[in-house]
Amino acid sequence: MRFLGNIEAKTDAKGRAFLPAVFRKVLQGASEENLVLRKDVFQECLVLYPESVWNEQMDALRSKLSRWNKQQQLVFRQFVSEVELVTLDGNGRFLIPKRYMKMAGIEQDVKFIGMGDTIEIWSNKHTSEPFMEAQEFGLALEEMMIDKDNKE
């Protein structure tokens, strides 16, 4: 599954949004019906996980944590308890609960950003500026991508 691109949209008065058709096609191609919605851990946005991707993430996190460590149990509990199961209606719409809209600062205008195996939902007010300036992005990418042993 590869979600790519960014698409601007609007929510209605009830907080419903149309999942962009290009992303719906990816879900249909992968036979995914259910999505999991969660506030991003680091950014002020929401993340839609196809259910299979969510299950992989949950399993990966669980495998790194001990059930007998109180702090690790708290982290796991918070990660899995702050989610909402999302199903698209016949028109491709889904409801963003009000508490999630508040967490991400979403009013009406949103931007869906494909992040490979997940989809982020941002308030347009948070994406009016680039996430990184072009020069900063180039330098960061260069540093990450250069094979330090081969000095590509």
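Everything numeric in this text was worked out from a predicted model, so none of it was measured.

1. Some points on the pairing of strand β3 (residues 34-39)
1) Next: Counting buried positions along β3 yields five of six residues, so the element is predominantly enclosed.
2) Next: The pairing of β3 with strand β5 (residues 83-87) spans five bridges and is classified as antiparallel. Residue pairing in the sheet places L35 in a bridge with V86 of β5.
3) Next: As defined by bridge partners, β3 adjoins strand β4 (residues 46-50) across five bridges and the pair is classed as antiparallel. Bridged to L35 within β4 is P50.
4) Next: Between β3 and β4, which pair antiparallel and follow one another directly, the connecting turn spans six residues.

2. Examining helix α3 (residues 70-81)
1) Next: For α3, with twelve residues, the first-to-last C-alpha span of 16 Å sits near the 16 Å given by 1.5 Å per residue.
2) Next: Within the sequence span of α3, burial applies to Q73, F76 and F79. Projected onto a plane normal to the axis of α3, the buried residues spread over an arc of 130 degrees and lie on a single side. Every exposed residue of α3 that faces more than 90 degrees away from the buried side is listed here: K70 and Q71.
3) Next: On the buried face of α3, the contacting elements are β3, α2 (51-64) and β5.

3. Looking at the layout of surface pockets
1) Next: Of the pockets and cavities examined, the largest pocket occupies roughly 210 Å³.
2) Next: As for the largest pocket, its lining consists of 14 residues, and the residues nearest its centre are D40, V47, Y49, Q57 and F79.
3) Next: For the lining of the largest pocket, the secondary structure elements donating two or more residues are β3, β4 and α2.
4) Next: In the lining of the largest pocket, the residues fall into seven nonpolar, two polar and five charged.
5) Next: Taken as a whole, the second largest pocket encloses approximately 170 Å³ of empty space.

4. Description of the pairing of strand β8 (residues 119-123)
Side-chain positions along a regular strand alternate between the two faces of the sheet.
1) Next: Burial analysis of β8 places five of its five residues in the buried class, the great majority of the element.
2) Next: The two faces of β8 match: I119, I121 and S123 on one face and E120 and W122 on the other face are all buried.
3) Next: Where β4 lies against β8, three bridges are found, and the strand directions are antiparallel. Each bridged residue has a counterpart across the sheet, and for V47 the counterpart in β8 is E120.
4) Next: Bridge analysis of strand β7 (residues 109-114) against β8 gives five bridges, and the strand direction is antiparallel. The residue of β8 that forms the bridge with K111 is W122.
5) Next: The turn linking β7 back onto β8 is made up of four residues, and G116 within it adopts a positive phi angle of 85 degrees.

5. Some words on the confidence of the model for the protein chain
1) Next: Confidence in the prediction for the protein chain averages 91 pLDDT; 93% of positions are at 70 or higher.
2) Next: In the model of the protein chain, helix α5 (residues 134-145) stands out as the element of lowest mean pLDDT, 87, in contrast to β4, which has the highest, 97.

Criteria and cut-off values
- Residues numbered from 1 in each chain as written.
- Predicted model: local features only at pLDDT ≥ 70, side-chain atom pairs only at ≥ 80, totals over all residues.
- Heavy atoms only, no water.
- Buried < 20%, exposed > 50% of the residue type's maximum accessible area, 1.4 Å probe, protein only.
- Helix = DSSP H or I, 4+ residues; strand = E, 2+ residues; numbered from the N terminus.
- Pairing = 2+ DSSP bridges.
- Expected span 1.5 Å × (residues − 1).
- Arc of directions from axis to C-beta.
- Contact = heavy atoms within 4.5 Å.
- 1 Å grid on protein atoms, 1.4 Å probe; cavity = no way out; pocket = protein on both sides within 12 Å on 5 of 7 lines; lining within 4 Å.
- Points joined across faces, edges and corners; volume = space filled by probe spheres on them.
- Nonpolar A, V, L, I, M, F, W, Y, C, P; charged D, E, K, R; others polar.
- pLDDT = per-residue confidence, 0-100.

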